[in-house]
Amino acid sequence: MPCGEDWLSHPLGIVQGFFAQNGINPDWEKKVIEYFKEKLKENNAPKWVPSLNEVPLHYLKPNSFVKFRCMIQDMFDPEFYMGVYETVNQNTKARVLHFGKYRDVAECGPQQELDLNSPRSTTLERQTFYCVPVPGESSWVVFFLNLLFNAYVNANQARVSPSTSYTPSRHKRSYEDDEDMDLQPNKQKDQHAGARQSDRSVGGLQWCGEPKRLETEASTGQQLNSLNVSSPFDLNFPLPGEKGPACLVKVYEDWECFKVNDVLELYGVLSVDPVLSTLNNDERDSSVLLDPMECTDTEEQRVHSPPASLVPRIHVILAQKLQHINPLLPTCLNKEESRTCKFVSSFLSELSPVRAELLGFLTHALLGDSLAAEYLILHLISTVYTRRDVLPLGKFTVNLSGCPRNSAFTEHLYRIIQHLVPASFRLQMTIENMNRLKFIPHKDYTANRLVSGLLQLPNNTSLVIDETLLEQGQLDTPGVHNVTALSNLITWQKVDYDFSYHQMEFPCNINVLITSEGRSLLPADCQIHLQPQLIPPNMEEYMNSLLSAVLPSVLNKFRIYLTLLRFLDYSISDDITKAVEDDFVEMRKNDPQSITADDLHQLLVVARFLSLSAGQTTLSRERWLRAKQLESLRRNRLQQQKCVNGNEL
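Please read all numbers here as calculations on a predicted model, not as lab measurements.

## Things to note about a nonpolar patch on the surface
A cluster of nonpolar residues, Val 390, Leu 391 and Trp 492, forms a patch on the protein surface that exposes about 270 Å² of accessible area. Within the secondary structure layout, Leu 391 lies in strand β10 (residues 391–393). Here Leu 391 falls in the partly exposed class, since its relative accessible area comes to 38%.

Following this line, the structure appears as structure tokens:
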């Protein structure tokens, strides 16, 4: 590790050193960025940096170097700040230049005052993002990141100041213990209820030492309360029950590279200066603020300048857009890097047994239905790989029909999916929820902010829509709009945000799984009817025993498998293309009604993800025949069910 920890505990001191050496020459800013880049390249250095996602704010030292894993929920207007300013000593008249970058408040020593008319002062521009923790982030993701940071804290407790270090009580628990707690949410809830209650009241933050979402299932009433009861400072989380701090993120370079809903990993200077929390105090001397525009006492100012104890500021030195948030894989999975990464190439060489184990695991989760398990694997690795005009290619929304009604099956199936994917959300599709919940983000022009909705989700989120809870009732106008929004998300992979005077399209890449009793009311790319081979007398015990039987190391392989395969290249050779065309013509010749152009597209999508699920990046004749076989079995099953239940399907 580094010889000193000044870059972690006193990053502004490092910045001051470069500024003092270079003065107003802009090269000092580039040198600062290069310095921290090099520091983070040192062995395991990113793991040493305290994270706002895992460490309570009151344990972090102001102006220390921190990181934050987040989604851009909103982008505020650019703001001006004093990039360089000059102070004058009232006694000696000595003048000193200061830098304003990475700061909210101007630094003035004793007997010093700002010279606002100094010709050496410069005004610069920065962009402010409103960022929230990644919506729907799974508890196992938080656990692994906690584990990495705790290892550093434990190894260096003697060297870290107790006032600025954080050692969660959970660090002594093994990973197996954590998995066991995941599998027994009721037991865990009882054991930690007191701890969570006390944590929520500390510093006004809704934070808890345990992983954020071990108990993700909230009742319908809790969801409604979370979304419709406003607090003095609404943190504007897209999903109900979310925890962790929101942050105002100040970006100084290349902010045009980022957009709303991007997931970022940020490294920068934590700013929680108390003066930021007293903007409405008439007795405060506003001249020390670097951003005098924040002094207007309006609804917009209240939202854009919340108390720093609740919404801290991060002045970004380094920012990286994340392709995924799976901590078991390298952060960047670009094509070239994937080929050279030993871990990735080694995992891909042993893919077959992992797929076989995952298929068996999901077959048990789907009550013995191996065909449904095959399609669930294809769904979980599907991703929009390109767009042709307005058509998203690669989406694979699955409607799992035949789910038992008034049963805990869909809830526990979602728990299984939670254990496999990095981010997910279960939408309980009741009449009340559809009529009252806010699905579409909308612009609040009074506060000049984007008010979040349920469908403001980052790419690669797994959205499970539970239609088995839907009963007879009347959808009002908001309910109809919500159904339309879900249909547009599924069909076009886009959400139309409401800007009052117009709609703005936001493309997305969300995996949607619909569980229903009969055919779903929503559109789907593929319907697979569940055929249970067994009906457990106690569904909760059955699912818990299934999860308990899986070794943590095997579960980790499943998680790597499902994330990694999304980033593999795929192509079809000219020979196979010709063979597929000939096959299509032959099928049409035998029975023109048996297959349409849409059916061929569906076959190609199934063949694509079937090949990728086996680690094959090109379509083979064998995989094409297997795709045809799966589709034939699926269609025959639907036809049989239709004959049994009339026109239900």
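From this point, the narrative continues.
## Brief notes about the pattern of salt bridges
Counted by the stated rule, this structure contains 33 salt bridges. In this structure, Arg 126 and Glu 79 form a salt bridge, with 2.6 Å as the shortest nitrogen-oxygen distance. Residue Arg 126 is located in strand β5 (residues 122–133), and its partner Glu 79 is located in strand β2 (residues 79–89); the two are separated by 47 residues in the primary sequence. For the pair formed by Arg 126 and Glu 79, the shared burial category is buried. Given the relative accessible area of 1%, Arg 126 is considered buried. Linked by salt bridges that have partners in common, Glu 79, Asp 104, Arg 126 and Lys 250 make up one network.

## Here we look at the packing of helix α13 (residues 370–380) against helix α20 (residues 597–613)
For any two helices packed against each other, one specifies the crossing angle of their axes together with the interaxial distance. Closest axis-to-axis distance for the α13/α20 pair is 9 Å, and the angle between their directions is 90 degrees. Our classification of the angle between α13 and α20 gives roughly perpendicular. On the side of α13, the interface is formed by Glu 374, Tyr 375, Ile 377 and Leu 378, while α20 contributes Val 606, Phe 609, Leu 610 and Ser 613.

## Section: the packing of helix α2 (residues 11–22) against helix α3 (residues 27–41)
Between α2 and α3, the shortest axis-to-axis distance is 9 Å and the interhelical angle comes to 140 degrees. Crossing angle aside, the handedness with which α2 passes α3 is right-handed. Residues Pro 11, Ile 14, Val 15, Phe 18, Phe 19 and Asn 22 of α2 form the contact with α3, whose participating residues are Trp 28, Lys 31, Val 32, Tyr 35 and Phe 36. Among the residues forming the contact of α2 with α3, the class breakdown is nine nonpolar, one polar and one charged.

## So, the nonpolar core
Ranked by internal contacts, the top residues of the largest apolar core, which has 78 residues, are Phe 361, Leu 362, Leu 420 and Tyr 561. Apart from the residues within four sequence positions on either side, Leu 362 is in contact with Ala 373, Leu 376, Ile 377, Leu 380, Ile 416 and Leu 420.

## Some thoughts on the packing of aromatic side chains
Enumeration over the complete set of coordinates arrives at 17 aromatic pairs. Judged by centre distance (5.4 Å) and plane angle (85 degrees), the ring pair of Tyr 81 and Tyr 252 falls under edge-to-face. Within this pair, whereas Tyr 81 is found in strand β2, its partner Tyr 252 is found in the loop between β6 (247–251) and β7 (263–271), the two being separated by 171 residues in sequence. The buried category is assigned to Tyr 81, whose relative accessible area is 3%. An aromatic cluster is present here, built from Trp 7, Phe 18, Tyr 35, Phe 36, Phe 65 and Tyr 267 joined pairwise through their rings. In this structure, Arg 103 is placed above the aromatic ring of Phe 99, and the distance from its NZ or CZ to the ring centre is 4.2 Å. For the cation-ring pair, Arg 608 lies above Tyr 385, with the distance from its terminal atom to the ring centre recorded as 3.5 Å.

## Some thoughts on helix α17 (residues 539–548)
Listed as buried for α17 are Met 539, Tyr 542, Met 543, Asn 544, Leu 546 and Leu 547. The opening residue of α17, the one whose side-chain oxygen lies 3.2 Å from the backbone nitrogen of Glu 540, is Asn 538.

## Quick notes on the environment of Val 55
In this structure, Val 55 sits in the loop between α4 (45–48) and β1 (65–75). Classification of Val 55 by relative accessible area gives buried; the value is 2%. In this structure, the C-alpha to C-alpha distance between Val 55 and Asn 146, residues 91 residues apart in sequence, is 8.7 Å.

## What about the pairing of β2?
Of all eleven residues in β2, ten are buried; the element is thus mostly enclosed. The sheet contact formed by β2 and β5 spans five bridges and is antiparallel. Note on β5: the bridge partner recorded for Phe 80 is Glu 125. Sheet topology note: the β2/strand β3 (residues 95–99) ladder contains five bridges and is antiparallel. Its bridge partner lying in β3, Val 84 is registered against Phe 99.

## Here's the deal with the sheet that holds strand β12 (residues 424–428)
If you trace the five strands from one edge of the open sheet to the other, you get β12-β15-β18-β11-β19, paired in parallel fashion. With one partner strand each, in any of the chains shown, β12 and β19 (526–529) form the two edges of the open sheet. Taken over all neighbouring pairs, the strand axes of this sheet differ in orientation by 20 degrees on average, direction set aside. When β12 meets strand β15 (residues 462–466), the two strands line up parallel, connected through five bridges.

## Notes on the pairing of strand β8 (residues 313–321)
By the bridge criterion, three bridges tie β6 to β8 in an arrangement that is parallel. When the bridges of β8 are listed, Lys 250 appears paired with His 315. Here eight bridges tie β7 to β8, and the two strands are oriented antiparallel to one another. Residue pairing across strands places Gly 268 opposite Val 316, the latter belonging to β8.

Definitions and cut-offs
- For every chain, the first residue of its written sequence is number 1, and the numbers climb from 1 along that sequence.
- For this predicted model, a pLDDT threshold of at least 70 governs which residues receive local features, and a threshold of 80 or more governs which side-chain atom pairs are given and counted, while totals over whole chains, interfaces and linings are taken from all residues.
- Only heavy atoms go into the side-chain values, all of them from the structure, while hydrogens and water stay out.
- Any residue with relative accessible area above 30% and no salt bridge may belong to a patch, with like charges joined within 9 Å and the nonpolar Val, Leu, Ile, Met, Phe, Trp and Tyr side chains within 5 Å.
- All accessible-area figures derive from a Shrake-Rupley calculation using a 1.4 Å probe, and residue coverage is judged against the displayed protein chains alone.
- Note on definitions: salt bridges are taken to be side-chain nitrogens of Lys or Arg within 4 Å of carboxyl oxygens of Asp or Glu.
- Numbering of helices and strands starts at the N terminus; helices are DSSP runs of H or I of at least 4 residues and strands are runs of E of at least 2.
- Residue exposure (1.4 Å probe, protein chains only): buried if accessible area is under 20% of the type maximum, exposed if over 50%, otherwise partly exposed.
- Axis lines are fitted through C-alpha atoms, for helices just across the contact stretch, and the angle between N-to-C directions can take any value from 0 to 180 degrees.
- Any angle that falls under 35 degrees is termed roughly parallel, while one over 145 is termed roughly antiparallel, one within 65 to 115 roughly perpendicular, and all others oblique.
- Residue contacts are counted whenever heavy atoms from the two residues lie within 4.5 Å of one another.
- The handedness criterion is simple: a crossing whose near helix is rotated anticlockwise from the far helix by less than a right angle is left-handed, and one whose near helix is rotated clockwise is right-handed.
- Residues are grouped as follows: Ala, Val, Leu, Ile, Met, Phe, Trp, Tyr, Cys and Pro are nonpolar; Asp, Glu, Lys and Arg are charged; all remaining types, including Gly, are polar.
- Buried Ala, Val, Leu, Ile, Met, Phe, Trp, Tyr and Cys residues form a nonpolar core when they are joined through side-chain atoms within 4.5 Å.
- What counts as a ring pair is set by centres within 6.5 Å for rings of Phe, Tyr and Trp (its six-membered ring), and what kind of pair is set by the plane angle: stacked under 30 degrees, edge-to-face over 60, tilted for all other angles.
- Whether a charge lies above a ring is judged from NZ of Lys or CZ of Arg, which has to be within 6 Å of the ring centre and within 35 degrees of the ring normal.
- Distance and chemistry together define a polar contact, namely a pair of N or O atoms within 3.5 Å, with one atom able to donate a hydrogen and the other to accept it when in protein, and with adjacent residues in sequence counting only for side-chain atoms on both sides.
- By the convention used here, strands pair only if DSSP detects at least 2 bridges between them.

These figures capture arrangement, not role.
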